[in-house]
Amino acid sequence: MKRQRITVCVATYNQEETIEACLRSILDQEVDADVDVLVGDDASTDRTSLIIKELNLEYGVRLTHLRRETNHGPYNNMRDLILKAEGDFIARVDGDDYWLPGKLALQTEFLNANGDCTAVYSNALLENSSGVRIGFFNDVGDWVFGISELLSRGNFLCNSTVLFRVACKRAWSDVLTPQIDYRAHLWHARHGKLGHIGEPLAVYRVGSTQSMVRTTNSRVRDLYWEAIESVPRELVSRFAVAMGTADFLRRVFFKSLHTMDPRLVFSWARRVIDAAPLGIMLTMLLFCESVLRMSVKIALGYLMFPSTKKKILYYR
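These numbers were taken from a predicted model, which means no experiment stands behind them. (Residues numbered from 1 in each chain as written. Predicted model: local features only at pLDDT ≥ 70, side-chain atom pairs only at ≥ 80, totals over all residues. Heavy atoms only, no water.)

*Asks:* Honestly, the packing of aromatic side chains in this entry has me stumped. Any pointers?
*Replies:* When we look at a pair of aromatic rings, we describe it by the centre distance and by the angle of the planes. Evaluation of the coordinates by the stated rule reveals 13 aromatic pairs. Cluster of aromatic residues (ring-pair linked, three or more members): Y182, Y224, W225, F248 and W268. Across from the ring centre of W99, 3.9 Å away, lies the NZ or CZ of K103, which sits over that ring. Stacked on the ring of W143, the Lys or Arg R316 has its end atom at 4.2 Å from the ring centre. (Phe/Tyr/Trp six-rings, centres within 6.5 Å; stacked < 30°, edge-to-face > 60°. Lys NZ or Arg CZ within 6 Å of the ring centre and 35° of its normal.)

Structure, rendered in structure tokens:
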């Protein structure tokens, strides 16, 4: 049989402190496949470009350094990489995250054994700015699920862990304007099942200065809503849509509590209710259920792990 090929797309900008660990963790993976890496260096102004050049000399043609002359922005940078990617499978990683040994081997084995799955994800360890591992990305174990489950529960997937089939490039080629990762995950789920490996196979750095969630949270909410609206309604039940919109409002509600800004939830509530397919009463009941369920999970997390507030970043 022809040897399989994996292309890993890495987007980076001014990440001199993390990019070497990221790239080495990819290039040093042991897997029965050919692995090459495309690095989109988005006109970095620090030592990031120099570090990539040095690694290019060490690893040779397996590492391709695409140095942008002007800044493309995170979405256009990654989109260009994915459109250039070739092979059987594509992975994507942010330049401030890194992989653990065995990631690609487990995930390629999973996709080869599960032909109905378009993509596979995994859990990830959380690491703070001091390099201390403080918890887990989510509370999801080994699971195979579809678009209804992903829409109903909202985004709990770590984008730096994804491995998807090359046909899923359309999740990026079909969308010309910036999108949040959740929209790409939902696109994958529109065309097959998704797999999730409960074992952490990557490390996600919390609080990165390049994080879109940290720097442009308002824009993230708009893109998140666009992701929900991108799902063709004929593929999911009205109840799944109602749960998804209620879960979104729950996230906005928690953010409004955190920022002590009640206007935030009120500004979104009308929009969510207008789009809800099952009416105001059921939408609000689902919203209350989502708030209660998540509050219980967070409280239990504090009781089990009192030393940190971020032992689990996303609950399903």
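That covers the picture; the talk isn't over yet.
*Asks:* Explanation requested: the nonpolar core in the structure shown.
*Replies:* Most often, soluble globular proteins have nonpolar side chains that are buried together. L150, L151, Y182, L186, L194 and F248 are the most contacted members of the largest nonpolar core, which totals 55 residues. The element contributing the most residues to this core is helix α10 (residues 238-259), with eight residues. Those residues in contact with F248 that lie beyond four places of it in its chain are R221, Y224, W225, I228, W268 and V272. Grouped together as the second largest cluster of nonpolar side chains are 38 residues, L23, V39, L55 and C158 included. (Core = buried A, V, L, I, M, F, W, Y, C linked by side-chain atoms within 4.5 Å. Buried < 20%, exposed > 50% of the residue type's maximum accessible area, 1.4 Å probe, protein only. Helix = DSSP H or I, 4+ residues; strand = E, 2+ residues; numbered from the N terminus. Contact = heavy atoms within 4.5 Å.)

*Asks:* Sorry, what's going on with the pairing of strand β7 (residues 133-138) here?
*Replies:* As a general feature of sheets, a regular strand has side chains that alternate between the two faces. When strand β6 (residues 117-127) meets β7, the two strands line up antiparallel, connected through three bridges. Bridged to E127 within β7 is R133. The antiparallel pairing of β6 with β7 creates a hairpin that spans five residues between the two strands, and G131 there sits at a positive phi of about 85 degrees. The pairing of β7 with strand β11 (residues 312-314) spans two bridges and is parallel. If you follow F136 over to β11, its bridge partner there is I312. (Pairing = 2+ DSSP bridges.)

*Asks:* Explain the pairing of strand β4 (residues 89-94) to me, please; I cannot follow it from the model alone.
*Replies:* Counting buried positions along β4 yields five of six residues, so the element is predominantly enclosed. Here strand β1 (residues 5-12) runs beside β4; their pairing, made up of six bridges, is parallel. Note that in β4 the partner of T7 across the bridge is I90. Across three bridges, β4 lies against strand β9 (residues 163-165) in antiparallel orientation. Across the sheet, the residue bridging to A91 is L163, located in β9.

*Asks:* Sorry if this is basic, but what is going on with the side chain of D247 here?
*Replies:* Within the secondary structure layout, D247 lies in helix α10. Those residues in contact with D247 that lie beyond four places of it in its chain are S152, R153, G154, Y224, S290 and R293.

*Asks:* Explanation requested: the side chain of R221 in the structure shown.
*Replies:* Counting through the fold element by element, R221 comes out in helix α9 (residues 217-229). For R221, which is buried and forms no salt bridge, the nearest opposite charge comes from D222, at a distance of 6.5 Å. Among the polar contacts made by the side chain of R221, one reaches the side chain of N217 at a distance of 2.6 Å. The contact partners of R221, leaving out residues within four places of it in the chain, are F248, V252, K255, L264 and W268. (Lys, Arg positive; Asp, Glu negative; His and termini not counted. Salt bridge = Lys/Arg side-chain N within 4 Å of Asp/Glu carboxyl O. Polar contact = N/O pair within 3.5 Å; in protein donor to acceptor, adjacent residues only side chain to side chain.)

*Asks:* Would you mind showing me how to read helix α1 (residues 19-27) here?
*Replies:* Along an α-helix, a turn takes 3.6 residues, which lines up residues three or four apart on a common side. Within α1, the full set of buried residues consists of I19, C22, L23, S25, I26 and L27. Where the residues of α1 are buried, they touch β1, β2 (34-41), α2 (48-59), β3 (63-67), β4 and β5 (98-99).

*Asks:* Looking at this structure, how should I read the pattern of salt bridges?
*Replies:* For side chains of opposite charge, pairing can occur when their charged atoms come near one another. Applying the stated criterion across every chain yields a total of 20 salt bridges. A salt bridge links R92 to D94, with the shortest nitrogen-to-oxygen separation between them at 3.6 Å. With a closest N to O distance of 2.8 Å, R251 and D247 form a salt bridge. One end of the pair is R251 and the other is D247, both in helix α10 and four residues apart, which spans about a single turn. Residue classification places R251 among the partly exposed positions, given a relative accessible area of 21%. What emerges from the salt-bridge pattern is a single network uniting R3, D32 and D34.

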